[in-house]
Amino acid sequence: MDASRHKVDGENDNCEATLAAVNLNVLPDEILEFIFTYLPPYGDLEHCSLVCKRWHAIVKNLVRRSKLNLEKGLTDFRLRWEVFSQQTVNGGAGAPLSFIAGRFAHSAVRQGNSMYVFGGGSSSDTTFNDLWRFDLTHMRWARPVATGTYPSPKGSASMVAWRDQLILFGGWRYPSLHPPYQPWCLFDELHYYDLGKNRWLLRSSLSSPPPMAGHSATVHGDRMVVFGGYQIKDDFNVNSNDTWVLDLPEQRWWQPLFVGNTRPSPRYGQIQVELGKNHLLVVGGCGGANRVYTDAWLLDMTRDVWSWKSITVRNKRFGAVHMWCNPGCKVNNYLVVVGPSPNMPQDFQMMKQSRVPVVGGRGPPPPNPLQNVPPRGYRIPVPDRRLGGGLGGPGPNRGGNIRPGVGGAAAALGPQEQYLANRRAILNQHMQQAQQFLHNSNVNNNNNNYQPRSGRLSDLHAPPVPAAAASPPSPPVRPNAPPSPADGDVDAAQRLQRNLALRCRDNEPRLPKRFDELYEDPFRMAAFNVPTRSRSASRDHNERIRRMEEKMNAIRNSRRSAPAAAQVEPQPLRAPSPKRLRCNVQSLFVCDISGILDSSEPALEWVEYKNFGVLKGAPDRLILSSLIAGNGELILFGGVHKETLTDITHHVSNSIHFLSVPRDII
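Below is a short write-up of the structure. (Residues numbered from 1 in each chain as written. Predicted model: local features only at pLDDT ≥ 70, side-chain atom pairs only at ≥ 80, totals over all residues. Heavy atoms only, no water.)

Now for the overall build of the chain. Along its length, the chain carries 10 helices and 29 strands. Relative to its full complement of 666 residues, the chain shows a buried share of 40%. Across the chain, the fraction of contacts at a sequence separation of at least 24, relative to all contacts at a separation of at least 6, is 63%. Taken as a whole, the chain presents about 38200 Å² of accessible surface, with 53% of it coming from carbon and sulfur. (Helix = DSSP H or I, 4+ residues; strand = E, 2+ residues; numbered from the N terminus. Buried < 20%, exposed > 50% of the residue type's maximum accessible area, 1.4 Å probe, protein only. Contact = heavy atoms within 4.5 Å. Areas by Shrake-Rupley, 256 points an atom, 1.4 Å probe, with all protein chains shown as cover.)

Set out below in structure tokens:
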């Protein structure tokens with residue numbers, strides 16, 4: 001035992017001596033570079049470059065290679081998403097970790113090895129005015145204890161980094177639903193934040209832009225260029241295409257002069273990137289309802305008089321959609337936009353409802369002098385099969401054949417009261433018909449379908465009928481009256497009239513959306529408003545089900561009676577396509593902007609995406625988030641789910657997603 005113990009101790013001493021003699025410097029440069037890829041490309045990598053000249057050269061080559069790999073991964077769509085989890089970070093002993101609250105429409109910028117986030121909207125219709133710093137080296141959130149004049153709570157403000165300061169301008173505030181019930185407003189505040197002293201400084205000047213939000217800003221040397229936005233001019237909220245310049249050292253605003261009248265359309269929410277000291281690019285934006293732009297504009301600032309120039313956009317079918325609520329940033333010669341998948345319906349548009357007068361009514365149409373009134377007097381010949389009384393009877397004045405001016409009470413009522421009175425009368429008529437229908441169904445125990453009302457939509461705007469005229473007289477016997485059609489012809493004619501009524505429902509300006517349903521219930525779902533199935537149809541349906549069951553039983557019995565050798569092994573189910581697993585995720589769109597400044601005909605070209613731009617680990621679809629460029633990676637933060645914007649509490653996110661190139665295995 002003693003001999004074996006001494007042998008083991010000797011082997012351990014030899015291993016420790018061998019490990020002590022081996023260090024990282026004996027490894028090849030390729031192995032060291034691969035090891036360094038597992039370090040955060042920020043503070044730790046900078047510290048490694050200070051060890052020796054060899055490590056400095058390896059780190060320099062790694063940074064250059066990571067940039068090239070990111071560009072190649074963007075064009076080949078060979079990237080991956082990684083989410084930062086707060087639970088994986090362990091704080092110091094007894095030191096609680098700080099976490100930022102979820103938000104959207106915030107301002108984010110990267111300065112050195114940190115990402116700064118300011119303000120934004122919360123999950124409960126409020127806005128923040130806090131500043132957070134995310135350490136990209138240690139992956140931790142921290143809220144600096146700042147002094148000075150704090151900005152107002154707001155979102156959709158512009159924040160840029162200049163030297164060792166952050167420049168914050170503009171923004172809007174949510175109307176608060178809780179105390180202190182602050183109203184909605186825009187801001188024209190200009191704040192400087194000193195990163196060294198953690199101090200806010202409020203700056204003001206005589207000549208300054210109007211209050212705005214949703215604008216874009218970039219830094220070119222010692223000046224900040226601001227374009228567009230949602231502004232207040234002469235007490236009116238308008239979209240703007242103005243350009244303002246801030247002299248950062250002197251803290252002075254001024255507006256440049258332009259050549260001609262060529263400039264982008266008024267917009268907000270656009271993407272603005274810097275193309276050198278004297279050029280910038282503006283892409284996308286929104287100009288209002290159904291005015292989502294996908295164009296591109298180049299601003300030339302080389303001369304004293306600036307000029308705008310429209311840029312040709314190629315491969316638009318591979319471009320991003322809705323470039324006004326989705327983030328984008330510049331990566332060397334590429335513009336990267338994160339947005340909804342292109343195979344999804346574009347359901348984030350604001351639609352304008354257009355109304356036209358009702359076609360086919362004998363009564364006077366709604367007053368609209370801007371539209372042509374269609375010819376009157378046309379109606380489908382349908383037999384009157386109403387079950388109860390109502391506004392009109394089967395006489396000369398039935399349906400919409402009510403002439404204006406009948407009765408003294410009609411002239412005393414205004415248009416709104418007259419409309420409401422007619423609406424109540426029609427509702428009473430339908431209630432009587434429904435009660436009569438239920439009574440007949442209980443007495444006769446039949447399955448006849450409820451017949452639709454025979455009134456017209458224009459009856460709502462016709463003058464009311466006196467009580468004597470409203471009571472339906474006995475139907476007169478017309479000479480040479482045509483024989484009543486068969487039941488099939490009556491049903492066909494009624495279906496045609498019902499279809500026409502449904503078509504003109506959206507064209508009625510004053511009619512509720514679901515007013516002409518069979519039963520007057522505004523909360524009834526149209527999907528369940530179907531006629532009762534007849535007995536013959538039910539018997540046919542049951543017969544088809546019985547035949548299908550017999551067929552399935554025969555197939556099962558034949559399989560059971562077959563020998564085991566003749567049975568075919570069931571084939572495994574094919575896994576669904578990755579793009580069908582999750583379709584409501586963020587997609588990647590890449591645009592090549594290298595040919596804007598180098599050619600006589602500037603143009604940008606969208607790169608053809610793969611798998612609809614959906615990458616591995618793609619986050620859920622969010623809007624009003626932020627996207628900034630890091631060292632060999634892209635950083636996506638925050639956002640709100642579009643489906644929850646109409647709810648009382650929004651579903652906002654505080655997650656950080658990193659988009660990087662997969663590591664190559666040596």
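Here we take up the sheet that holds strand 27 (residues 626–629). What the four strands build is an open sheet, ordered 1-29-28-27; its pairing is antiparallel. Edge strands, defined here as strands with exactly one partner in the open sheet, are strand 1 (80–84) and strand 27. Here the average twist between neighbouring strands, direction ignored, is 25°. (Pairing = 2+ DSSP bridges. Axes fitted to C-alpha atoms, helices over the stretch in contact; angles between N-to-C directions.)

This part takes up the pattern of salt bridges. The final tally for this structure, using the stated rule, is 12 salt bridges. In this structure, D29 and R54 form a salt bridge, with 2.7 Å as the shortest nitrogen-oxygen distance. Taken together, the positions of D29 in helix 2 (residues 29–36) and R54 in helix 4 (residues 53–76) put the pair 25 residues apart, joining distant regions of the chain. Where R546 meets E550, a salt bridge forms, and the shortest distance between an N and an O atom there is 2.6 Å. Taken together, the residues span about one helical turn, with R546 and E550 both in helix 9 (residues 535–561) at a distance of four residues. Among the residues examined, R546 registers a relative accessible area of 37% and is labelled partly exposed. (Salt bridge = Lys/Arg side-chain N within 4 Å of Asp/Glu carboxyl O.)

In sheet architecture, strand pairing relies on hydrogen bonds along the backbone and comes in two forms, parallel and antiparallel. Taken in spatial order, the five strands make up an open sheet running 6-12-11-8-7, and their pairing is mixed. Strand pairing shows two members of the sheet lacking a second neighbour, strand 6 (147–148) and strand 7 (158–162), which therefore form its edges. Bridge count for strand 11 (residues 190–194) against strand 12 (residues 199–203) is five bridges, and the pairing is antiparallel. Bridging from a neighbouring strand, Y193 pairs with W200 of strand 12.

What follows is about the packing of helix 2 against helix 4. Axes are the key here: two packed helices are described by the angle between their axes and the distance separating the axes. Following both chains from N to C, one finds helix 2 and helix 4 inclined at 60°, their axes separated by 10 Å at the closest point. In terms of orientation, helix 2 lies oblique with respect to helix 4. The crossing of helix 2 and helix 4 is right-handed. The residues of helix 4 that touch helix 2, namely those facing D29, L32, E33 and F36, are R54, W55, I58, V59, N61, L62 and R65. Classifying every residue of the contact of helix 2 with helix 4 gives six nonpolar, one polar and four charged. (Parallel < 35°, antiparallel > 145°, perpendicular 65-115°, else oblique. Left-handed = near helix turned anticlockwise from the far one by under 90°. Nonpolar A, V, L, I, M, F, W, Y, C, P; charged D, E, K, R; others polar.)

Moving on to unusual backbone geometry. Even without a glycine there, the phi angle at R163 is positive, about 55°. Inspection of the secondary structure assignment puts R163 in the loop between strand 7 and strand 8 (165–169). A positive phi angle, near 55°, is found at N332, a position not held by glycine. Following the sequence through the fold, N332 ends up in the loop between strand 23 (328–331) and strand 24 (334–340). The exposure class assigned to N332 is partly exposed, which follows from its relative accessible area of 38%.

So, on to the pairing of strand 25 (residues 586–592). By the criterion of burial, strand 25 is predominantly enclosed, with six of the seven residues buried. Bridge analysis of strand 24 against strand 25 gives seven bridges, and the strand direction is antiparallel. By the bridge assignment, G339 is partnered in strand 25 with S587. Both strand 25 and strand 26 (residues 603–606) contribute to a ladder of two bridges, which runs antiparallel.

Moving on to helix 4. A turn of α-helix holds 3.6 residues, and therefore any two residues three or four places apart point the same way. Over its 24 residues, helix 4 extends 34 Å from the first C-alpha to the last, a length consistent with the 34 Å expected when each residue adds 1.5 Å. Burial in helix 4 covers these residues: W55, I58, V59, L62, L70, E71, G73 and L74. Buried residues along helix 4 sit in contact with helix 2, helix 3 (43–48), strand 23, strand 24 and strand 25. (Expected span 1.5 Å × (residues − 1).)

Bringing the pairing of strand 28 (residues 634–637) into the picture now. Because side chains alternate across strand 28, one face comprises the buried residues L634 and L636, and the other comprises I635 and F637, equally buried. Examined bridge by bridge, strand 27 and strand 28 share four bridges and lie antiparallel to one another. Bridged to L627 within strand 28 is L636. Between strand 27 and the antiparallel strand that follows it, strand 28, lie four residues; G632 among them carries a positive phi value of about 75°.

In the structure, N332 is positioned 262 residues away from L70 in sequence and 9.9 Å away in space, judged by C-alpha atoms. Setting aside anything within four residues of it in sequence, one finds N332 in contact with K67 and E71. A distance of 2.3 Å separates the side chain of N332 from the side chain of E71, its partner in a polar contact. (Polar contact = N/O pair within 3.5 Å; in protein donor to acceptor, adjacent residues only side chain to side chain.)

Core analysis: the biggest nonpolar cluster contains 43 residues, and L281, L588, L604 and W606 have the highest contact counts within it. If one sorts the elements of this core by residue count, strand 24 sits on top with five residues. In terms of nonpolar packing, the next biggest core, distinct from the first, is built from 15 residues, F84, L136, I635 and F658 among them. (Core = buried A, V, L, I, M, F, W, Y, C linked by side-chain atoms within 4.5 Å.)

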